Amino acid sequence: RTWRRRATMERMETWREACLVPLERMKRVSDAMLHKMDVGLSETGTNLPMLPTYVTQQPSGKETGHYFTLDLGGTNFRIAYIQLSEQVSKVELRREAKWNIPKENMEGTADGLFGLLAEAFKEFLEQLESDNIPLNRDKIVLAFTFSFPMDQNALDSGKLLFWTKGFNIPSCVGKDVVVLLADAMHRSGIHGVVIPAVLNDTVGTLAAAQYFDETAKVGVIFGTGSNAAYVEEIEKIKKMRAKDYHSKHMVVDIEWSDFYTVELPIMSFDRKLDGESLHPGKATFEKMIGGMYIGEVARNMLLELIGDNILPAPSPQGKIFLATNDVIGGEQVAAICALQDVLGGELVALTERLGYDDETIKIAGPVIQEIMFLVSCRAARLAGAALYSVLRKTGRVGGVTTLPTVVAIDGSMFEHHHLFRKELCKSLAELVGPEAKNIKLQLSKDGSGLGAAIVAAVADLGAQ
């Protein structure tokens with residue numbers, strides 16, 4: 001037992017050094033990302049794509065109209081009917097519904113996935129009409145939030161570059177997702193649909209914040225996956241011809257999931273997770289900070305300790321449980337981190353699944369909780385380094401003064417994982433210094449749908 005305790009301490013100390021990413025390492029990660037952002041603005045084919053979104057107009061806050069939004073980006077999708085008005089309330093969510101996406105539609109065919117979306121939209125319209133909500137069937141304006149990397153050459157067009165977050169439908173890659181959705185609507189007998197905008201959830205989150213506050217310059221998702229968008233000067237997007245655009249600014253979708261630098265503290269359990277994932281060798285950064293992955297990171301850390309006889313072996317049923325992918329979720333990691341009593345709540349439930357008795361729980365419980373803590377801290381501090389890069393790129397940070405800036409953030413990791421949120425704020429304060437008080441990290445819950453409606457409204461107004 002003495003050697004096991006010593007081995008545990010040594011392994012945990014190694015992991016602490018890697019996961020409690022120190023300030024100097026965060027700065028090096030940020031420098032590397034900042035450099036790759038500059039490269040991505042000039043070249044294609046980099047692991048930081050820096051995708052132009054063709055969102056060139058900031059909302060005035062005076063946009064009006066009725067808009068539908070369809071938001072696809074994870075294991076479910078949402079459809080909403082939103083009214084924008086010049087009244088004090090400005091935004092009225094008339095109706096919203098959510099659908100889960102069956103696994104066969106996440107790994108099936110283009111017709112299967114987009115047919116599912118179209119049939120749900122048809123059902124949504126019929127429900128509105130049955131509730132006596134008047135609709136103009138001749139012109140149904142639908143903004144499409146599609147939270148996967150796209151190559152855009154217009155606001156209403158986007159070709160899928162590659163899938164992330166558990167999706168794998170090869171027949172969609174390289175296709176215009178607006179065309180795929182429009183064709184599916186037609187097959188479902190829905191006519192009069194106009195899709196003026198397709199955008200990433202980060203772009204929508206940013207637009208929703210800008211509708212209320214002009215100092216919002218960055219939109220971020222810290223949820224199942226992670227990404228960011230920010231306002232850039234068009235003349236700095238070297239891979240575009242700036243003379244083609246009247247506006248001086250455009251929102252850029254960073255697509256940082258694939259970001260890589262030797263400064264990332266990648267460990268053996270990260271390599272194992274990557275090798276077993278749906279997209280090996282892809283989304284290196286996202287697999288270290290995304291809510292879809294932190295539970296898997298923790299599971300692989302536990303497997304490593306047990307495999308090396310540092311933690312006691314589980315029961316036969318416990319071994320089967322722990323050998324199963326995705327049995328530990330991000331929400332469970334967050335709950336264990338929040339426990340005041342190591343022998344309570346989700347931690348006891350997990351150790352019981354492993355088949356540990358009371359005495360073993362007393363030994364293994366604190367180690368398991370620290371694993372959850374380290375996984376979460378590493379995610380937050382790497383996220384902080386990435387966010388610092390974006391703020392530096394906007395010019396709001398790093399100059400003579402730090403300008404008042406709102407960073408609009410959506411996603412379960414930021415909203416519900418309190419340790420992640422605390423460590424993210426702490427890491428940014430370390431990186432920015434005393435003037436971090438001018439940076440406001442603002443929760444923009446479900447902002448991507450509202451933002452899509454606002455972008456569509458701005459586009460609609462510009463077309464009139």
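Scroll up to find the structure this text is about.
Read on for a plain summary of the structure. (Residues numbered from 1 in each chain as written. Predicted model: local features only at pLDDT ≥ 70, side-chain atom pairs only at ≥ 80, totals over all residues. Heavy atoms only, no water.)

Turning our attention to the sheet that holds strand E1 (residues 51–52). Reading across the sheet, the 6 strands line up as E1-E11-E10-E9-E12-E13 and stay open at both edges, with mixed pairing between neighbours. Whereas interior strands pair on both sides, the edge strands pair on one side only; in this sheet they are E1 and strand E13 (439–443). Where E1 and strand E11 (residues 249–253) come together, 2 bridges link them in antiparallel fashion. Note on E11: the bridge partner recorded for Pro-52 is Val-252. (Pairing = 2+ DSSP bridges. Helix = DSSP H or I, 4+ residues; strand = E, 2+ residues; numbered from the N terminus.)

This part covers unusual backbone geometry. Positive phi is not limited to glycine here, since Asp-326 has a value of about 65 degrees. Mapped onto the elements of the fold, Asp-326 is located in the loop between helix H10 (316–322) and helix H11 (330–337). Judged by its relative accessible area of 56%, Asp-326 falls in the exposed class. Even without being a glycine, Asp-446 presents a positive backbone phi close to 55 degrees. Along the chain, Asp-446 falls in the loop between E13 and helix H16 (447–463). On the basis of relative accessibility, which here comes to 30%, the residue Asp-446 falls in the partly exposed class. (Buried < 20%, exposed > 50% of the residue type's maximum accessible area, 1.4 Å probe, protein only.)

Here we come to helix H5 (residues 177–187). Residues of H5 that are buried include every one of Val-177, Val-178, Leu-180, Leu-181, Ala-184 and Met-185, and no others. Projected down its long axis, H5 carries its buried residues within an arc of 165 degrees, all on one side. Buried residues in H5 make contact with strand E2 (65–72), helix H4 (110–130), strand E5 (140–146), strand E6 (150–154), strand E7 (157–160) and strand E8 (193–199). One or two positions beyond H5, positive phi appears at Gly-189, with a value near 80 degrees. (Arc of directions from axis to C-beta. Contact = heavy atoms within 4.5 Å.)

The next point concerns the pattern of salt bridges. The full count for this structure, using the stated rule, is 26 salt bridges. The salt bridge partner of Lys-287 is Asp-274, with a shortest N-O separation of 2.6 Å. Linking Lys-287 in helix H8 (residues 286–289) with Asp-274 in helix H7 (residues 268–276), this pair joins segments that are 13 residues apart in sequence. Lys-287 sits in the buried class, given a relative accessible area of 6%. Overlapping salt bridges, with partners in common, bring together Asp-71, Arg-78, Glu-96 and Asp-446 in one network. (Salt bridge = Lys/Arg side-chain N within 4 Å of Asp/Glu carboxyl O.)

A few words now on the pairing of E5. Of all 7 residues that make up E5, 7 are buried, and the element is covered over most of its length. A two-sided burial pattern is seen for E5, the buried positions comprising Ile-140, Leu-142, Phe-144 and Phe-146 on one face and Val-141, Ala-143 and Thr-145 on the other. Strand direction decides the pairing type here: E2 and E5, joined by 5 bridges, are parallel. Paired with Phe-68 across the two strands is Leu-142, which belongs to E5.

Here we come to the state of the cysteines. For the coordinates displayed, the defined rule picks out 0 disulfides. Unpaired in this structure, Cys-377 has its nearest cysteine sulfur neighbour in Cys-337, at a distance of 7.4 Å. For the unlinked cysteine Cys-425, the closest cysteine sulfur is that of Cys-377, found at 13 Å. (Disulfide = S-S within 2.5 Å.)

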